[in-house]
Number of protein chains: 4
Amino acid sequence: MSDIKKVVLAYSGGLDTSIILKWLEQSYGCEVVTFTADIGQGEEVEPARAKAEAMGVKEIYIEDLREEYARDYVFPMFRANTIYEGEYLLGTSIARPLIAKRLVEIANETGADAISHGATGKGNDQVRFELGAYALKPDVKVIAPWREWDLNSREKLMSYAKEHDIPVDFAKAGKKSPYSMDANLLHISYEGGILEDPWAEPEDDMWRWSVAPEAAPDTPTVLELRYERGDIVAIDGETMSPARVMSTLNEVAGANGIGRDDLVENRYVGMKSRGCYETPAGTVMLKAHRALESLTLDREVAHLKDELMPKYASLIYNGYWWSPEREMLQTMIDASQEHVNGLVRLKLYKGNVIVTGRQSDSDSLFDEKIATFEEDAGAYDQKDAEGFIKLNALRLRIAAKRRR
Amino acid sequence: MSDIKKVVLAYSGGLDTSIILKWLEQSYGCEVVTFTADIGQGEEVEPARAKAEAMGVKEIYIEDLREEYARDYVFPMFRANTIYEGEYLLGTSIARPLIAKRLVEIANETGADAISHGATGKGNDQVRFELGAYALKPDVKVIAPWREWDLNSREKLMSYAKEHDIPVDFAKAGKKSPYSMDANLLHISYEGGILEDPWAEPEDDMWRWSVAPEAAPDTPTVLELRYERGDIVAIDGETMSPARVMSTLNEVAGANGIGRDDLVENRYVGMKSRGCYETPAGTVMLKAHRALESLTLDREVAHLKDELMPKYASLIYNGYWWSPEREMLQTMIDASQEHVNGLVRLKLYKGNVIVTGRQSDSDSLFDEKIATFEEDAGAYDQKDAEGFIKLNALRLRIAAKRRR
Amino acid sequence: MSDIKKVVLAYSGGLDTSIILKWLEQSYGCEVVTFTADIGQGEEVEPARAKAEAMGVKEIYIEDLREEYARDYVFPMFRANTIYEGEYLLGTSIARPLIAKRLVEIANETGADAISHGATGKGNDQVRFELGAYALKPDVKVIAPWREWDLNSREKLMSYAKEHDIPVDFAKAGKKSPYSMDANLLHISYEGGILEDPWAEPEDDMWRWSVAPEAAPDTPTVLELRYERGDIVAIDGETMSPARVMSTLNEVAGANGIGRDDLVENRYVGMKSRGCYETPAGTVMLKAHRALESLTLDREVAHLKDELMPKYASLIYNGYWWSPEREMLQTMIDASQEHVNGLVRLKLYKGNVIVTGRQSDSDSLFDEKIATFEEDAGAYDQKDAEGFIKLNALRLRIAAKRRR
Amino acid sequence: MSDIKKVVLAYSGGLDTSIILKWLEQSYGCEVVTFTADIGQGEEVEPARAKAEAMGVKEIYIEDLREEYARDYVFPMFRANTIYEGEYLLGTSIARPLIAKRLVEIANETGADAISHGATGKGNDQVRFELGAYALKPDVKVIAPWREWDLNSREKLMSYAKEHDIPVDFAKAGKKSPYSMDANLLHISYEGGILEDPWAEPEDDMWRWSVAPEAAPDTPTVLELRYERGDIVAIDGETMSPARVMSTLNEVAGANGIGRDDLVENRYVGMKSRGCYETPAGTVMLKAHRALESLTLDREVAHLKDELMPKYASLIYNGYWWSPEREMLQTMIDASQEHVNGLVRLKLYKGNVIVTGRQSDSDSLFDEKIATFEEDAGAYDQKDAEGFIKLNALRLRIAAKRRR
């Protein structure tokens, strides 16, 4: 454990990563650089500076990454209508590659030879952090304390904290959520506690970002989203940055009881786990993006995207954002968005996201003259359908004659 | 037009197919056999008998196909979590292969050499009827009057009806829906009218099978669905046939404002079209089936199903139910359902289908001992994760060393 | 048939397209523009000028498109290791989009409102020409004489030619091949005649571009191909243009008995057909490209390409070169080739293409230090494999405990 | 290391597994059961009995598994036209699941709690053995000595052998192949030595199962293979068991210089490696099976098989034979073979496998009446093609009108 000289730690300022900070210094005899990022988790990051300073850290990185996160990670993912296993909007997964990238960049800047994180050995996050780090800095050392140390119970952690003068906010610790939680601009997640029984319904007071549909207003909220090349650029006529799009949608959708999900997912490390998620903005974005694509995307392009989406979602879920196969798929997905320009009108009401209109002046492929049930003035020749059907049936007819 | 001796007509008893009936006799000088099926469209089929008799038809088939439809078409399709273009539950598409099959069987029984239907030359239904018919009876003649005749306006139709003494229910005709509608046990659909503008919101009074979420009860309805091999076999402990499962769910879900969809879809014949659909039971079934699969299906099986689903959905949408490729896929889908046994608990509330629990005594792959955030008594060795990550990262590291 | 004013005809100068030329003038009373291209079919194109002039054509286009064909069509296709139904190298399919594009461009230049071609109503080529034309000039009229006229036998054609003073080269007609043939830089194809019996072996004297393996030299030919971004840029150290790469490889591979294929394929119009093909250069290019990719492509990128290749091949076979889905896939394929740089050494011998070496100084992902069976000085830690296997096995073990 | 009481060892009788045998006894203090199988590797298995007895083994399993191997593993795999990364016929991969299954069955019979094998920690075989074992007996212990011990050089192995009186056949050891080799009924493989340089050509005397094309007879060999449901059941009219089909084809194809492959592959554990393979029978089987499928398989079934094949091949390569996803795919593949019945005629000549005919009395979908270039008496109406093309072009035309 003696080779490491300097390690960059993904540091939240909380108790666990404070213990890790101390443990790294002690176990590896190395210097620790802390990195704390605001990716929209809804908690102040500045307090982490004082805590790190109090623990003697000399190199402290505190950064607001919300715009980069929304623009370069969340938005590209939504261009693909990404959803894992039919339900999960990948709110945790998509935040990890950015953290991994910054850990590596800071390691390069500070001359650190290792990075460290607070993810356990059972989950997906360790994989996402480490695959990203290895892909970007192949010789980096990764220290995952939860896989190494013996502080594997709450008691041992508390006693370690006490022993090493790590301040414990007992008030906070006392009312600690029974759930393991994680949040960023895209979602907040809940695992553990009673959720470990998939038959048990989560308690009402678990949810934090949205009201229950029952508690949402009786009057719907109507929104108009403007898209350019597959990304939302304005809400109700007001141009917004990606992060502001997301915080705005989180607020209005959450207030309308939108975005709760409760599911059992398959982790990359091989087990099933139960998770509850609140993804208000993401829920709206998925529905609205599909609606605009339905108007502006060629059929076969849309179908090809749909066929590849599960693969793309798995790559992100499993931690392969920084892989050549994800980048190759992204090239194709981004190319498909050239014409995804226009407006989507939505109604938000007690948990429902209802599309009430979609339009695109320049890029709609909806041709009313052809689609109409009325006279179409020759735009479409119904007689063409006979040949179309006959030749599509030909192989079936030959087979039927031979075999049936 | 003189070769045809006898034709089996898919006959609803309505004005349009009554005109077709007469037109077939006149244009082809052939005998017409009528076939009218109850597939859950919610209208009596017996009146069609009197009408056909009144028009001199000698061979009249009137059948209740609801159970066959639910059991052999709808249920197999839902085993695949089928959804077309991310939104459409294929309510029209899945009913057509059964009609096609019965048309062909009746043609064989009655010695008819042709079949006929009332679908237009612009839509998908003509394709579905005819591909099915050709696959099952390769030398059958298909007569699609809408592609052949010149009765291409409402006026011409009415005047043809008048001229040939076809009774027109003017009361009904007067209050005719502005929409083109189609219904069966799985859904009711609306096309045409103001829906031809994708920016226009459908009027409230268009919807027939569900209340608006706003008008749904303030108290949720809780349901428990029991599955065997991927199919629902009981609701709230009461064993039910497939068709009764569907009518029960239609009723309760529709009353809770569930199942409305408003979308733009890509037709097989090459155009985009706008459709609105009410699929109360189907909306519940999709959500609940996925929930039980999340507990009982192996990860890679689930992912493979997800990757193939869009293809399977397109096959059904495009009319290839009676094709060897659909049958081949079905073999695989059905095989995957062996362990999809158990219970799903749902809450229905104002448009929302909320899964609140899933369990499977015999077939759950959720292992609480492994998944737990608490001490797991060695069920899972966190140290294994290091090797797992290292080898999954190996190719990325080699590439990074060479190239970055 | 009176609306057409001017039509651009894909004109070979042969008897059939000369008859079409006359027939178009007569049937449509329109002016005809001829377009004749050298795409490496191995026949002079200039004689077509005199023939067209003799028939009174005023606008005559004769073009050498070999470089454009090789560079913008054949090479991009080979970047994907494209092969249709496991056997066919798409030699006919890939030539059609270029012809379609030039027909449309010439129509635009000459103010023509229609195009015409000599492909029959049974084959794939009509589809390829017409889909391309419609995609590039959506309002173009397409005239496909073989689907329209009644000159559906050799006798009627000859009598039409005689009647209209179209010169017939009886010497050539007399020794006419019993096969329907088509050639370009990528291949020569044979259909019809005895090939219509799939049990019949083609006669030895059918083949034109290659010797039989039995007749090839007893000494192998060794070649070194240099690739840049997936394309061959030099042979045996000599830099060459794409078309010259192909003609060079056709010559040397054909002389070594390489490139014959005899197969039954599934046409897009629904029937199976037998075809024989000689694709000497293409056979070498496919094998060599894969060899270099095996060294320079990431595993998952290569696998994704392999999974999408059949789709991409079908798009080209079916005539969808000028479609957004093909363009989208091409974006991804081209992006994958960034690192496909290096050398491949081949041995050609009596029908065999044998890869004897592949190297890439800058882009190889083959790491001898890790791959070695000898001591690897810690480049790879064998203990990592245990965790890798354990976690990959976890879902299998959980299922086995529950179910077996 | 003391928990293990009895271990079943995959024992070849050679030096390495003899050392493992001794090392297991010593390190684990456990009893060893040996298992030696004839899977067509071309070496006697009976001598392993004497060697095991000499080392004091009490439970010795020696089995001839050739028929089971060919019938239940190789043949099912070839039904899918399986090929990994475009080149590799999976000769090693497909043998491992059978060994894993027998190891587990013998463990169950003998009450052993562990299994052991001689595969290294760098390769794919460890994964294949262990995933299979874990899937079939989830609580089995797996001992992989090469990942555990420190005998990581030839010298240490020899000195361990000497120290423990393990007989070393020095004659054999002296002329030891410089390659790491593995053989079974499907192939023989070579890795290591000079092959670790992908630019180096293998030496002529490396190859053991085939002559060089240059050394093959000047006269071709003609063969007729009869298939039933996708499997070869007779050669030249003589009915044969699966294993005899393979040994017969190995002999005749090897004598004609067929089946050599030299490639760089991507291992599951993350590295690229060079391998040379001789797969005479397999090379013939792949080509012939495709030929018969080209005649008897529906187009869309064939295409779907082609699209899924790379996934299926990866599953086998990576060791997931005993997984639910492989079993699910197999269900579909097997279902597709119902009509793959008939004859294929081949010519083998100096490395070439040339299909010269394919026929199927009952199951051919090749319809000469429709495919013919001659008059078809109305079997196919060329006019149908116009509507077919027009509707397939519709989406392209709409897009072109809007956008170009």
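Along each chain, the written sequence defines residue order, and numbers are assigned to residues from 1. Key to labels: chains lettered from A, ligands numbered from 1, both in the order written. In keeping with the predicted nature of the model, local features appear solely for residues at pLDDT of at least 70, side-chain atom pairs appear and are counted solely at 80 or more, and the whole-chain, interface and lining totals rest on all residues. Computation of side-chain values: all heavy atoms of the structure, hydrogens and water removed.

A word on the relation of the copies chain A and chain B
Superposition of the copies was done by least squares, using only C-alpha atoms of residues whose pLDDT is at least 70 in both. Turning chain A through 180° and shifting it by 0.0 Å along the axis lays it on chain B, with an RMSD of 0.0 Å. Such a combination of rotation and displacement between the chain copies is what one expects of a two-fold axis. Among all residues of chain A, the minimum C-alpha distance to the rotation axis is found for Glu307 of chain A, at 2.9 Å.

Details of the interface of chain A and chain B
Pairs of residues are marked as contacts when any of their non-hydrogen atoms sit within 4.5 Å. Each partner contributes to the interface: chain A provides 105 residues, whereas chain B provides 105 residues. Accessible area that two parts lose when put together, with a 1.4 Å probe and added across both, is what the buried area reports. Both sides together, the interface formed by chain A and chain B hides about 9300 Å², and carbon and sulfur atoms give 54% of it. Between Lys or Arg on one side and Asp or Glu on the other, a salt bridge is scored when a side-chain nitrogen of the former is within 4 Å of a carboxyl oxygen of the latter. The interface formed by chain A and chain B includes 10 salt bridges. Ionic pairing is found between Glu325 of chain B and Arg395 of chain A, a salt bridge with its closest N-O pair at 2.7 Å. For this analysis, a polar contact is any N or O atom pair within 3.5 Å, provided that within protein one partner can donate a hydrogen and the other can accept it, and provided that sequence-adjacent residues contribute only side-chain to side-chain pairs. Our enumeration of links across chain A and chain B arrives at 44 residue pairs in polar contact (both at pLDDT 80 or more). Counting residues per element, the side of chain A that touches chain B draws most heavily on helix α14 (residues 384-403) of chain A, which supplies 12 residues. When residues are sorted by character, Ala, Val, Leu, Ile, Met, Phe, Trp, Tyr, Cys and Pro go into the nonpolar class, Asp, Glu, Lys and Arg into the charged class, and all the rest, Gly among them, into the polar class. Tallied by class, residues from the side of chain A that touches chain B come to 40 nonpolar, 23 polar and 42 charged. Helix and strand labels come from DSSP, where a helix needs a run of H or I of at least four residues and a strand needs a run of E of at least two; each type is numbered from the N terminus.

Some details on the relation of the copies chain D and chain A
Once chain D has been moved 0.0 Å along the axis and rotated by 180°, it coincides with chain A to within an RMSD of 0.0 Å. Same-surface contact between copies: 100% of interface residues of chain D are shared with the interface of chain A.

A word on unusual backbone geometry
The phi dihedral of Arg229 of chain B is positive, around 45°, even though this residue is not glycine. Along the chain, the position of Arg229 of chain B falls in the loop between β8 (221-228) and β9 (231-235). The rule is simple: take the accessible area with a 1.4 Å probe, protein chains only, and divide by the maximum for that residue type; under 20% is buried, over 50% is exposed, in between is partly exposed. Owing to a relative accessible area of 48%, Arg229 of chain B belongs among the partly exposed residues under this scheme. Unlike most non-glycine residues, Asp236 of chain D shows phi in positive territory, near 50°. As for its position among the elements, Asp236 of chain D is in the loop between β9 (231-235) and β10 (238-239). Judged by relative accessible area, which is 48%, Asp236 of chain D ranks as partly exposed.

Focus: the interface of chain D and chain A
Contacts between chain D and chain A engage 26 residues on the former and 26 residues on the latter. In this assembly, chain D packs against chain A so that about 2500 Å² is buried in total across both faces, 57% of it on carbon and sulfur atoms. Linking chain D with chain A are 4 salt bridges, by the criterion used here. Here Asp367 of chain A ties to Arg402 of chain D by a salt bridge, and the two come within 4.0 Å at their closest N and O atoms.

So, the side chain of Asn124 of chain C
All names here are of chain C. Inspection of the secondary structure assignment puts Asn124 in the loop between β4 (114-116) and α5 (125-136). Judged by relative accessible area, Asn124 falls into the buried class, the value being 7%. Among the polar contacts listed, one links the side chain of Asn124 to the side chain of Tyr317, at a separation of 2.8 Å. Filtering out sequence-adjacent residues up to four positions away, Asn124 remains in contact with Glu265, Arg267, Tyr268, Val269 and Tyr317.

Focus: the domain arrangement of chain A
Residues and elements named next belong to chain A. Source of the domain bounds: an automatic or database domain assignment. According to the domain assignment, chain A consists of domain 1 (6-65 + 95-176), domain 2 (182-297 + 339-359) and domain 3 (368-403). Between domain 1 and domain 2, the contact holds 10 residues from the first and 10 residues from the second. Taken together, the connections running from domain 1 to domain 2 amount to 1 salt bridge. Between Arg96 and Asp182 there is a salt bridge, with its nearest N and O atoms 3.2 Å apart. Counted by class, the side of domain 1 that touches domain 2 contains 3 nonpolar, 5 polar and 2 charged residues.

Here we look at helix α14 (residues 384-403) of chain D
Residues and elements named next belong to chain D. Expected helix span is given by 1.5 Å per residue-to-residue step, counting one fewer step than there are residues. Along its 20 residues, α14 runs 29 Å from first to last C-alpha, staying within 8% of the 28 Å computed at 1.5 Å per residue. Given a residue, its bend is the angle between the two axes fitted to the seven residues that end at it and to the seven that start from it. The principal kink in α14, of about 45°, is found at Leu394. Among the 20 residues of α14, 16 are classified as buried, and the element is accordingly described as predominantly covered.

Brief notes about the environment of Asp376 of chain B
Structurally, Asp376 of chain B can be placed in the loop between α13 (368-371) and α14 (384-403). Apart from residues no more than four positions distant in its own chain, Asp376 of chain B is found in contact with Lys122 of chain A together with Lys369 of chain B.

Let's talk about the sheet that holds strand β2 (residues 31-38) of chain A
Residue and element names in this part refer to chain A. Two strands are counted as paired when DSSP detects at least two bridges linking them. The 5 strands are arranged β3-β2-β1-β4-β5 in an open sheet whose pairing can be described as parallel. Both outer strands of the open sheet, β3 (59-64) and β5 (141-143), are each paired with one neighbouring strand and no more. Recorded for the sheet is a direction-independent mean angle of 20° between the axes of neighbouring strands. Note on definitions: angles span 0 to 180 degrees between N-to-C directions of axes, and those axes are lines fitted to C-alpha atoms, for helices only across the stretch in contact.

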